[in-house]
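# Working through the structure, step by step
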Amino acid sequence: MNIFLKQEIDRMQRVISAVRLCLQDLKLAIDGTIIMNENLRDALDNMYDARIPSLWMKISWESSTLGFWFTELLERTAQFSAWIYEARPKVFWMTGFFNPQ
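Below you will find a few notes about this structure. None of these values were measured; they are calculated from a predicted model.

Cut-offs applied
- Residues numbered from 1 in each chain as written.
- Predicted model: local features only at pLDDT ≥ 70, side-chain atom pairs only at ≥ 80, totals over all residues.
- Heavy atoms only, no water.
- Helix = DSSP H or I, 4+ residues; strand = E, 2+ residues; numbered from the N terminus.
- Expected span 1.5 Å × (residues − 1).
- Buried < 20%, exposed > 50% of the residue type's maximum accessible area, 1.4 Å probe, protein only.
- Contact = heavy atoms within 4.5 Å.
- Salt bridge = Lys/Arg side-chain N within 4 Å of Asp/Glu carboxyl O.

What follows deals with helix α1 (residues 2–31). Counted at 1.5 Å a residue, the expected span for α1 with its 30 residues is 44 Å, and the 43 Å between its end C-alpha atoms agrees. Turning to α1, its buried residues number three or more, namely F4, L5, E8, M12, V15, V19, C22, L26 and A29. Summarising the contacts, the buried residues of α1 are in contact with α2 (38–48), α3 (54–59) and α4 (66–85). Just past α1, the residue G32 takes up positive phi, approximately 90°.

Written out as structure tokens, the structure is:
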């Protein structure tokens, strides 16, 4: 189970890092510090329409709206944090894993 947890956390870290980088770059582009490229424009347009940016969808999970996607991000993070800092849970939220096999 520890190998599975490490793989899931690695995938989650990849998602969180990509989201953080995208949002930081988007803030800089809106401020005019950097040039807004196609990926940032796509992310901004999708967020405005409450959709998940395509860059994020490639490395994460499907969800109907950005709000639901972000809620799932928080729930997945809470599940992994509880597993690491408390104890292995007795029950799992199976759809909260990238590869629940």
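For the structure on display, the rule yields five salt bridges. One salt bridge in this structure joins D31 and K27, with 3.4 Å as the shortest N-O distance. Of this pair, D31 and K27 both sit in helix α1, four residues apart, roughly one helical turn. Both residues of the pair, D31 and K27, belong to the exposed class. Residues R51 and D49 are paired through a salt bridge, measuring 3.3 Å at the closest nitrogen-oxygen approach. Judged by its relative accessible area of 43%, D49 falls in the partly exposed class.

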